[in-house]
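Structural overview
What follows is the residue order along each chain.
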Amino acid sequence: MSMYDDIEKILISEQELQDRIAELADEMNAFYTDADRPVLVCILKGAFMFLADLTRHLKFRHELDFMVVSSYGRSTKSSGIVRILLDLETNIQDRNVIIVEDIVDTGRTLSYILRHFHARHPASVRICTLLNKPSRREVEIPVDFYGFKVPDEFVVGYGLDYAEEYRNLPFIGVLKPSVYTM
Ligand code: PRP
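Residues numbered from 1 in each chain as written. Predicted model: local features only at pLDDT ≥ 70, side-chain atom pairs only at ≥ 80, totals over all residues. Heavy atoms only, no water.

1. Some points on the overall build of the protein
To keep things clear, this is the line we draw: A run of H or I in DSSP becomes a helix once it reaches four residues, and a run of E becomes a strand once it reaches two; helices and strands are each numbered from the N terminus. Atoms considered for the radius of gyration are the C-alpha atoms alone. The globule rule reads 2.2 Å times the number of residues to the power 0.38. Each residue gets one of three labels from its accessible area relative to the maximum for its type: buried under 20%, exposed over 50%, partly exposed in between, using a 1.4 Å probe on protein chains only. For the accessible areas, the method is Shrake-Rupley and the probe is 1.4 Å, while residue cover comes only from the protein chains on display. Residues scored as charged are limited to Lys and Arg (positive) and Asp and Glu (negative), so that His and the chain ends carry no count. Lys charges are placed at NZ, Arg charges at CZ, Asp charges at CG and Glu charges at CD.
Helix and strand counts for the protein come out as 4 helices and 9 strands. Ordered by position in the sequence, the α and β elements of the protein form the string β-α-β-α-β-β-β-α-β-β-β-β-α. Taking 16 Å as the expected radius of gyration for a compact globule of 182 residues, we find that the protein reaches 16 Å, a close match to that expectation. For the C-alpha atoms alone, the extent of the protein along its principal axes is close to 50 × 35 × 25 Å. Within the protein, the fraction of its 182 residues that count as buried is 48%. When the accessible surface of the protein is split by element, carbon and sulfur atoms take 49% of a total near 9200 Å². Once the 21 positive and 28 negative side-chain charges of the protein are each reduced to a mean point, those two points are 4 Å apart.

Encoded structure:
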């Protein structure tokens, strides 16, 4: 069976994603200047595709860096325990930082990352997430830029996985419950 058969419906099409990401980039273009020279920190693995599309629309000078973060023992729900598997290369002291995420769900991952970053005394830290699922929030997170609010459904595609699959789908889809209740 094809992975496309595991998708119940397309929540956000490829075109809708691309249009909104261009708009979101313009919001950021209006906010940051060359002098700010922010570091965009891509939280892997989920945000890889979003970062790649977003950065191509940004007009201000910026740097890119990557962090590999994982919620330990995650199944279909966030466990709240965060592990940093690969840390930043950049020294973010006195730098403007933009954290790029695919989704903010409970907020626990970002809450942990924010604490970790603030200890390094950056000039500013802002959050840019493609998807925002406020109905599931357990920790308050200051989301500065986001693409779409999504309902409490199991979303995959465009970087987001279930059991490491579906990240390559060019759209955001809802997974059939039969796939993860098996
Ligand atoms: C996902 C996502 C966020 C986090 C959001 O990462 O990329 O980092 O969960 O959930 P939260 O707001 O409830 O903490 P995941 O641990 O699945 O790793 P991945 O990015 O490698 O898929």
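2. Things to note about the packing of aromatic side chains
Rules: Any two of the Phe, Tyr and Trp rings considered here, Trp counted by its six-membered ring, make a pair once their centres fall within 6.5 Å; the pair's planes then place it as stacked at under 30 degrees, edge-to-face at over 60, or tilted in between.
Inspection of every chain in the model, using the stated rule, returns 8 aromatic pairs. Centroid distance Phe31 to Tyr32: 5.1 Å. Interplanar angle 65°. Geometry classified as edge-to-face. Ring geometry for Phe31 versus Phe145: centroids 5.7 Å apart, planes at 85°, classification edge-to-face. One end of the pair, Phe31, is in helix 1 (residues 14-31); the other, Phe145, is in strand 7 (residues 145-149), and 114 residues separate them in sequence. Taken together, Phe31, Tyr32, Phe60 and Phe145 form an aromatic cluster joined through their ring pairs.

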